[in-house]
Amino acid sequence: MLKSKIIITALFITGHFILIAQTPLLKFGEVPIEELKMKIYDKEPKADAIILAKTSELAVKDQGEIILNFRNFFRLKILNKSAFNYGNVDIDYIHYNGSEFVSGIKAMITYPDGSKYRLKKKDFQKYKLDNYTSRISFYFPKLEEGSVIEYEYKIRSNDLYGFSKFDFQYDIPVKYASFQYIIPRQIDYQFETTGEEYIHVGDQNFSMYEVPSMEEGPFITTMKNYRGNINLQILGTLDPYIGYYPIASSWQKICKDLDESEDFGQQFQNSNYYDYILRKANPILEADIPIKDKILKLQTFILDNVQWDYTYGIFTDNLNDNFRQNTANSGSMNLMMVVLLKAIGIKAVPMLIGLRENGKIFPKYAVLEQFTHVICYAEIENKPFLIDLSDKYMSPGNLRISALNEIGLIYINEGPRWIQITPNKSTDVFLGEFYVEKGQLIGKIKGKYDGYSGFYERKFYENSIEGSPWKIRLRKRFPRAVILNSSFENLDSLNLSFIDEANVEIPGAALELKDSLIINPFIYNSFTENPFKMENRKYPVNFGYPFSEQFIFQLHIPEGYTVGALPEQTSISNEDRTINFLSSAVIIGNNIQVSSRLNIDKIEFAPMEIEVLSKIFGAMIETSKGKIVLLKN
């Protein structure tokens, strides 16, 4: 007999027996009167809704083929009309090769007066999301505050190569959740969990009671990485005749299968799939220009000829056909880049990644479904160089934000290899030169942007009807600010810094009194509020990429005035100086220079570091209130 693996702290086992008597008796359509009358949830009085119960029962059968049969139940109480969105429900499943099948779906709403409405067959809409996944959608009509919605359904699955996941923590509280399972002895399996502090382990079941909400805060990857869940993976079976048969794959096998696949590996190895693209790109391929300029031209060539269809994927039908049809998914476009780079002698291969919104990649589990996107991995001057064709203003070497998911997988002659995704640093440098006239600041602002900042600024100038972004920036603090004229450089020269300039008038930034002038030199700051004021945040801060923002304000001291006071100097950082803020004010000749700089060199900060993050950002916000005081002679 195989010993199943349950990876969870053993001390929680005893808690199950203490609370098992509280397990509710759940029957579809029968809502307890106390739940129907509930006006607020005592544990979280501000909650707009509460999940009263979420359960999943799994029965695994091994009759020549291993089948996973799930029965899922969900019941939710709406406490406030702002929670009506929970009445829209989507159930996704894998239809490819008949992997999963949904049946027995039913849904009912119980109104506060006890009346009920059960959804009919016509209320359930079924459609394909892509070549592999389908969705069943429905909504509960005429919701009222106090309504209880519930639904249940069954899933039959033979997909043994991925994870079966059970979530029990959300942005609203959960009163009760349970996962029960019956798995034959000859099947080897394991569970892994997050949120262990809420889990009670019993005999073939996990139960959770009064799980608090986990609100989404700023600067995260996805809450899927932090909220409580249980993951099941089938590892193998013990056959009395052939012995142990592994079901879980290996990265070596997965990569080898992909390499030989007509829908993947052959697309960039067999010229029949890409020869048309090479012919069309030949003038660029043959051009005698620096390598980085050629890479940019090849990227532009693809983006000018192929529109992204806003879907992700790692497989493609035919690269030539995609190019001729002028549309492709994300993976196909990046495979085209692999082909073109190989044609100019650059070592290039596809790199599999998972998008941030789908959660972290777990290298120890060889599960292809973790990957949803393909980018281009190249080696330029013996250094890794990553390309992700997403937008004509995203410079080569910068991935779309959703692709910054820590690691990716490539397959080369030596076998599978994990590659660290290290985003380039984004920088903003602003220089403002001003003088005072009739109680307002008049002058010029110049901005220089690199990395992701360059991308966002270029997109602004392409799409905005506002003209210069300084109109939006300045009017956050000074509603009457006027942009007299503006200009920009290097819109299409992605290998250079993007630069913009604006001549501005800022009423309200200078206050003229009888014997003094009071001037606000901090006319712009990306952060007007401290983003880390959330209490008891228990998950990391993730900025996505390192960045720095520097602002230099120069003021010509008007004739007849002397300096009375300057903003105080501020210098604050964390212990390892991976984040720091510095501001200073000095007199240089007949000018005052006030400068500030926020620098963040680390992408992710642990929950225990959030307190110091809050102090640094709080100090920055407080510094921005500082003033220059000029005294009339």
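Residues numbered from 1 in each chain as written. Predicted model: local features only at pLDDT ≥ 70, side-chain atom pairs only at ≥ 80, totals over all residues. Heavy atoms only, no water.

> Can you walk me through the packing of aromatic side chains in this structure?
Following the criterion strictly, the structure yields 46 aromatic pairs and no others. The side chain of Arg473 reaches across the aromatic face of Trp470, ending 4.5 Å from its centre. Between Arg473 and the ring centre of Tyr524, over which it is positioned, the NZ or CZ distance is 5.3 Å. (Phe/Tyr/Trp six-rings, centres within 6.5 Å; stacked < 30°, edge-to-face > 60°. Lys NZ or Arg CZ within 6 Å of the ring centre and 35° of its normal.)

> Help me understand the side chain of Thr570 in this model?
For Thr570, the position within the fold is in strand 33 (residues 570-573). A polar atom in the side chain of Thr570 sits 3.0 Å from the side chain of Thr623. Once residues lying within four places of it in the same chain are set aside, the contact partners of Thr570 are Phe581, Leu582, Ser583, Ala619 and Thr623. (Helix = DSSP H or I, 4+ residues; strand = E, 2+ residues; numbered from the N terminus. Polar contact = N/O pair within 3.5 Å; in protein donor to acceptor, adjacent residues only side chain to side chain. Contact = heavy atoms within 4.5 Å.)

> What is the right way to look at a nonpolar patch on the surface in this model?
On the surface, Tyr241, Ile242 and Tyr245 cluster together to form a nonpolar patch covering roughly 450 Å² of accessible area. Tracing the backbone shows Ile242 in the loop between strand 15 (229-239) and strand 16 (243-246). Among the residues examined, Ile242 registers a relative accessible area of 61% and is labelled exposed. (Patch = residues over 30% accessible without salt bridge, like charges linked within 9 Å, V, L, I, M, F, W, Y side chains within 5 Å. Areas by Shrake-Rupley, 256 points an atom, 1.4 Å probe, with all protein chains shown as cover. Salt bridge = Lys/Arg side-chain N within 4 Å of Asp/Glu carboxyl O. Buried < 20%, exposed > 50% of the residue type's maximum accessible area, 1.4 Å probe, protein only.)

> Is there a simple way to think about the pattern of salt bridges in this case?
Oppositely charged side chains are able to pair whenever their charged atoms sit close together. The final tally for this structure, using the stated rule, is 27 salt bridges. Of the charged contacts in the structure, one is a salt bridge between Arg71 and Glu152, with a shortest N-O distance of 3.5 Å. Of this pair, Arg71 sits in strand 3 (residues 66-78) while Glu152 sits in strand 9 (residues 148-157), and the two are 81 residues apart along the sequence. Overall, the relative accessible area of 41% leaves Arg71 in the partly exposed class. When the shortest N-O distance is used, the salt bridge between Glu609 and Lys602 registers 2.9 Å. When its relative accessible area of 21% is taken as the criterion, Lys602 is described as partly exposed. Taken together, the shared-partner salt bridges in this structure form one network comprising Asp391, Lys392, Lys459 and Glu462.

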